[in-house]
Amino acid sequence: MRSFGTICLILLVTSGLFAQKKARDFKVTTTDKKSIELYKDYLNKGKIVMLKIFFVDCPPCNDIAPSISNLYKQYRTQNVEFIELSNKTWDFDAGVIGYKLKYDLPFPGVSNDGGSVEASNLYSDNYFGPFFGTPTFIIIRPDGTVTWDPRGITRNETVAKLDAALAEAVKSLSIPTPPPPTPVDTTKPTPPPPIPTPVDTTKPTPPPPIPTPVDTTTPKPVPPTIPKLVDTLHLSGKLSLNSTTLGLVKMNLIWNEKSYNFSTDIIGKFKIDLVDTFKNSGSAMLTIDYNQDYTAGVSTSDLILIQKHILGVLRFSDYKQLLAADVDSNGDINVVDLLELRKLILGLTDKLPNSPSVQFIWQSPNNLIRNSSGPISYSDLKSLSGKSFDIQVVKIGNVN
């Protein structure tokens, strides 16, 4: 019995020490070329961080990605930041950018180009808990304490556990620590209670005041009706291809089940006002009625440049080139893209599989690249209100 009690005590002590392990700091460069540090940029500023260890071609990572996008949109206003770290040496910026765009993941992502493998290794050595592979999630509070990999048997169960763990972390930030009680000095005697002032009962009680008569002939004023608050977003900008504006292009934006039709003017500019109440904040879908012939601007020189990028001889640095080189729009640039583009150039096919002839992108006010193929969040729409909403056309296959 004594041995059993000793083992239980050791397990309890070990568990307590395990829970107190602090997150390991790291410094990486995101796909947006921004240098970030875990403690300096997030934890020391009171933020909760959820790390996601993944890689671009990981099937369960792709399966859960849309749910992670929704979780981020739910928690990003509650002092929470998500960071994605690829743990594969073959994941470069281009692949991670494509992955982020494919699943609408606007939070920082880091590839091997930015030091993600070294950073993810700090959390995959079973120090904080058993590492079962990707995706692995680590929730870190501002004090550095770690909630290790809330994981379920199914995708929905994992999402539910992540939601609960994030909610618990956010709740812990809002609970203030009560101040210590003021010590009572027991050495001094307690003073006696004050003696009440005696009531003079010899004087008669004065009669109650006569109420003022109410004038019932004058109608009571009706309070003014407070108008319902309306949130109007003013979007304006231009549509351009290779710095040349495109005029008279029809556009449609669906937001909160309302359809807004508008178009660019003769010089490629557009303007639209979206009127809705503050309580509605759903995502929007933007459709632009503009296409090009699949073969326009595509030549063998594009094949050569894409091949050099895949081989690492000359990598693309411009995001429009990365998007144009992803010929099959699967979020990765590889030999399949070369083969499909080659068939198009040789006339063996007249279009590209699973891809439109053009894509539309813009840069949000916080310098994140957005793609119109996915939903536009309410926060993005609101950040663009009153600012220049310039949309660029990218011709798929034309990287030259």
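As shown above, the structure is provided for reference.
Definitions and cut-offs
Residues numbered from 1 in each chain as written. Predicted model: local features only at pLDDT ≥ 70, side-chain atom pairs only at ≥ 80, totals over all residues. Heavy atoms only, no water. Disulfide = S-S within 2.5 Å. Buried < 20%, exposed > 50% of the residue type's maximum accessible area, 1.4 Å probe, protein only. Phe/Tyr/Trp six-rings, centres within 6.5 Å; stacked < 30°, edge-to-face > 60°. Helix = DSSP H or I, 4+ residues; strand = E, 2+ residues; numbered from the N terminus. Lys NZ or Arg CZ within 6 Å of the ring centre and 35° of its normal. Pairing = 2+ DSSP bridges. Axes fitted to C-alpha atoms, helices over the stretch in contact; angles between N-to-C directions. Contact = heavy atoms within 4.5 Å. Polar contact = N/O pair within 3.5 Å; in protein donor to acceptor, adjacent residues only side chain to side chain.

This part takes up the state of the cysteines. Taken as a whole, this structure holds 1 disulfide when the rule is applied. The disulfide bridge from Cys58 ends at Cys61, spanning 2.4 Å between sulfur atoms. Because the sign of the S-S torsion sets the handedness, a value of about 80 degrees for the bond joining Cys58 and Cys61 places this disulfide among the right-handed ones. We note that Cys58, like Cys61, is buried.

With that out of the way, let us pick up the packing of aromatic side chains. This structure, assessed with the given rule, holds 12 aromatic pairs. With 5.4 Å between their ring centres and 65 degrees between their planes, Phe82 and Phe107 make a pair best called edge-to-face. One end of the pair, Phe82, is in strand S4 (residues 80-86); the other, Phe107, is in the loop between helix H4 (93-102) and strand S5 (109-110), and 25 residues separate them in sequence. Of the two residues, Phe82 and Phe107, both sit in the buried class. Feature note: the residues Phe26, Tyr123, Tyr127, Phe128 and Trp148 constitute an aromatic cluster, connected by ring pairs. Directly above the ring of Tyr127 sits Lys21, whose terminal nitrogen or CZ lies 4.1 Å from the centroid. Sitting over the face of the ring of Tyr127, Arg24 holds its NZ or CZ atom 4.2 Å from the ring centroid.

This paragraph deals with the sheet that holds strand S10 (residues 250-255). Strands belonging to one sheet form pairs held by backbone hydrogen bonds; the direction of such a pair is parallel or antiparallel. Spatially, S11-S10-S13 is the arrangement adopted by the 3 strands of the open sheet, whose pairing is antiparallel. Of all strands in the sheet, those bounded by a partner on one side alone are strand S11 (258-263) and strand S13 (284-288). Shown here is a sheet whose adjacent strand axes are inclined to one another by a mean of 15 degrees, direction ignored. Where S10 and S11 come together, 6 bridges link them in antiparallel fashion. The partner of Met251 across the bridge, within S11, is Phe262.

When helix H9 (residues 335-345) is considered as a whole, its buried residues turn out to be Asp337, Leu338, Glu340, Leu341 and Leu344. The inward-facing, buried residues of H9 contact helix H7 (300-311) and helix H8 (319-325). Capping the start of H9, Asn334 holds a side-chain oxygen 3.0 Å from the backbone nitrogen of Val336, two or three residues further along. Once H9 finishes, Gly347 follows within two positions and takes phi at roughly 80 degrees, a positive value.

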